[in-house]
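One letter stands for each residue in the lines below.
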Amino acid sequence: MAEKTKAFELRTKNKTQLLEHLKELRTELSSLRVAQVKSPNPSKLAKIGTVRKAIARVLTVFNQTQKTHLRAVYSKKSSSKIPTDLRYKKTRAIRRRLSNKQAKSVTLRVAKTATNFPQRVFAVKA
Amino acid sequence: MAGKKVKSNTPKQDLSVSKSKLTSIKAPAAATKAKAAAVAVKKGTSNKSTRKVRTSVIFRRPVTLNNPKKPAYPRRSVNKINKMDQFRILKAPLTTESATQKIEVSNTITFMVDMFANKSQVADAVSKMYEVKVKRVNTLITPRGEKKAFVTLSPEFEAADVANKIGLI
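Let us look at the structure shown here. Quick caveat, the model's predicted, so the values are computed rather than measured.

All names here are of chain B. Taken together, the four strands give an open sheet; going across it, the order is β1-β2-β4-β3, and neighbouring strands pair in antiparallel fashion. Whereas interior strands pair on both sides, the edge strands pair on one side only; in this sheet they are β1 (90-93) and β3 (134-141). Within the sheet, the average angular offset between the axes of one strand and its neighbour, ignoring direction, is 30 degrees. Pairing analysis gives six bridges linking strand β2 (residues 108-113) to strand β4 (residues 147-153), with the strands arranged antiparallel. Residue pairing across strands places Val113 opposite Lys147, the latter belonging to β4. Where helix α4 (residues 97-106) meets the sheet, it contacts β2 and β4, and its direction lies at approximately 140 degrees from that of β2. Along the sheet face, helix α5 (residues 119-130) touches β1, β2, β3 and β4 and points at about 125 degrees away from the line of β3.

Next up, the structure:
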């Protein structure tokens, strides 16, 4: 196993390679756990930490790349046809508010009066 | 007879064909249809329905239309991964005296196991991890809140061999 797994190195790998790597790491971790119980060797015990973090890194890279690919695929589609976990999250209340366009929309009559009779500003000459 | 006047060859029957009769000869189906339509207009089209025989006091909803799901888009972009796989279930084997005794005597290996794994999941996990056939799993929850599983292997497999392979000895 490499001294330290680096995320940018992992990003070059493809999906199946990452999953294989993950499986190797996990089997290694399970054997380390056996050693932890049977004959605690300080070097092995230290390795547990690094292996756990390596597993975390692989999973992070895997999930991140998966999500970015999916977002790229769905970006061409209209916003109502995207899976809900790829949409913006914000808060529940905000998602139910009127959109900016909806809030600003105004009747034709009101729009015309606004353009023709805007708020006038006057200044008093000293 | 010679003196008789030769009558014109007009038949006594009126063989001239009227329009209505013409249609009836040429298209009898149309005529019956027209007749049926006339009857329907006069009497209405609802058939006299017989009452359904009900053999039970209980009314059960009849089978209604059930369209299969055809979502326009998946709600989850990615399907959930099953996180309860063999690596998570089997935490570590036990190497206590009683555990080593069990290996030799009863062909069982004891594992500390994830609390939320059930016996069948444990059996699956062990068979996947160590390529063995599991005969039986007994579980208990220790006072520490961890689950302990006693996994009996089927007689073809030697627990001692498997223990060696894992590194328990």
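After that view, the rundown keeps rolling.
Right, let's get into the nonpolar core. Residue and element names in this part refer to chain B. Residues Leu90, Val122 and Tyr130 are the most contacted members of the largest nonpolar core, which totals 26 residues. Every element with two or more residues in this core is listed here: α3 (86-89), β2, α5, β4 and α6 (159-166). Take this core: its biggest share by element is six residues, from α5. Excluding anything up to four places from it in sequence, Leu90 contacts Phe111, Met112, Val113, Ala125, Val126, Met129 and Tyr130.

Moving on: empty space enclosed by the protein. Counted under the stated rule, the structure contains one cavity of 30 Å³ or more. Looking at the largest cavity, the residues that line it are Ser30 and Val34 of chain A together with Leu90, Lys91, Ala92, Pro93, Met129 and Tyr130 of chain B. No other element matches the four residues that β1 of chain B contributes to the lining of the largest cavity. Taken together, the residues of the lining of the largest cavity sort by class into six nonpolar, one polar and one charged.

Residues and elements named next belong to chain A. A cluster of basic residues, Lys89, Arg92, Arg95 and Arg96, forms a positive patch at the surface. When you line up the elements, Arg96 lands in helix α4 (residues 92-96). By relative accessible area, which is 52% here, Arg96 ends up exposed.

It is worth spelling out the interface of chain A and chain B at this point. Contacts between the two partners involve 20 residues from chain A, matched on the other side by 17 residues from chain B. Approximately 1,500 Å² of surface area, both sides summed, lies buried where chain A meets chain B, with 65% of it carried by carbon and sulfur atoms. Of all residues in chain A, Arg26, Val34 and Lys38 of chain A give up the largest surface area on contact with chain B, accounting jointly for 32% of the area buried on that side. As a salt-bridge pair, Asp85 of chain B and Arg26 of chain A come within 3.0 Å of each other at their nearest N and O atoms. Only α2 (15-38) and α3 (42-74) of chain A provide two or more residues apiece to the side of chain A that touches chain B. Per-element accounting of the side of chain A that touches chain B gives the leading share, eight residues, to α2 of chain A. A class-by-class count of the residues in the side of chain A that touches chain B yields seven nonpolar, five polar and eight charged.

For α2 of chain A, which comprises 24 residues, the first-to-last C-alpha distance of 35 Å matches the rise-based estimate of 34 Å (1.5 Å per residue) to within 8%. Among all positions in α2 of chain A, only Leu18, His21, Leu22, Leu25, Glu28, Leu29, Ser30, Leu32, Val34 and Ala35 of chain A are buried. Contact partners of the buried residues in α2 of chain A: α1 (7-11) and α3 of chain A together with β1, α5 and α6 of chain B.

All names here are of chain A. Taking 1.5 Å of rise per residue, the 33 residues of α3 would be expected to cover 48 Å, and the 49 Å separating its terminal C-alpha atoms lies within 8% of that figure. For α3, the full list of buried residues reads Ile48, Val51, Ala54, Ile55, Val58, Val61, Phe62, Gln66, Leu70 and Tyr74. Buried residues along α3 sit against α1 and α2.

A few words now on the packing of aromatic side chains. Residues and elements named next belong to chain B. In total, this model carries one aromatic pair over all chains according to the counting rule given. Ring centres 5.9 Å apart and planes at 10 degrees place the aromatic pair Phe111 and Tyr130 in the stacked group. Residue Phe111 is found in strand β2, and its partner Tyr130 is found in helix α5; the two are separated by 19 residues along the sequence. Since its relative accessible area comes to 1%, Phe111 is described here as buried. Relative accessible area serves as the criterion here: at 13%, Tyr130 is assigned to the buried category. Sitting above the plane of the Tyr73 ring, Arg75 keeps its charged end 4.1 Å from the centroid.

Calculation notes
- Residues numbered from 1 in each chain as written.
- Chains lettered and ligands numbered in written order.
- Predicted model: local features only at pLDDT ≥ 70, side-chain atom pairs only at ≥ 80, totals over all residues.
- Heavy atoms only, no water.
- Pairing = 2+ DSSP bridges.
- Helix = DSSP H or I, 4+ residues; strand = E, 2+ residues; numbered from the N terminus.
- Axes fitted to C-alpha atoms, helices over the stretch in contact; angles between N-to-C directions.
- Contact = heavy atoms within 4.5 Å.
- Core = buried A, V, L, I, M, F, W, Y, C linked by side-chain atoms within 4.5 Å.
- Buried < 20%, exposed > 50% of the residue type's maximum accessible area, 1.4 Å probe, protein only.
- 1 Å grid on protein atoms, 1.4 Å probe; cavity = no way out; pocket = protein on both sides within 12 Å on 5 of 7 lines; lining within 4 Å.
- Points joined across faces, edges and corners; volume = space filled by probe spheres on them.
- Nonpolar A, V, L, I, M, F, W, Y, C, P; charged D, E, K, R; others polar.
- Patch = residues over 30% accessible without salt bridge, like charges linked within 9 Å, V, L, I, M, F, W, Y side chains within 5 Å.
- Areas by Shrake-Rupley, 256 points an atom, 1.4 Å probe, with all protein chains shown as cover.
- Salt bridge = Lys/Arg side-chain N within 4 Å of Asp/Glu carboxyl O.
- Lys, Arg positive; Asp, Glu negative; His and termini not counted.
- Charge placed at Lys NZ, Arg CZ, Asp CG, Glu CD.
- Buried area = accessible area lost by both parts, 1.4 Å probe.
- Expected span 1.5 Å × (residues − 1).
- Phe/Tyr/Trp six-rings, centres within 6.5 Å; stacked < 30°, edge-to-face > 60°.
- Lys NZ or Arg CZ within 6 Å of the ring centre and 35° of its normal.

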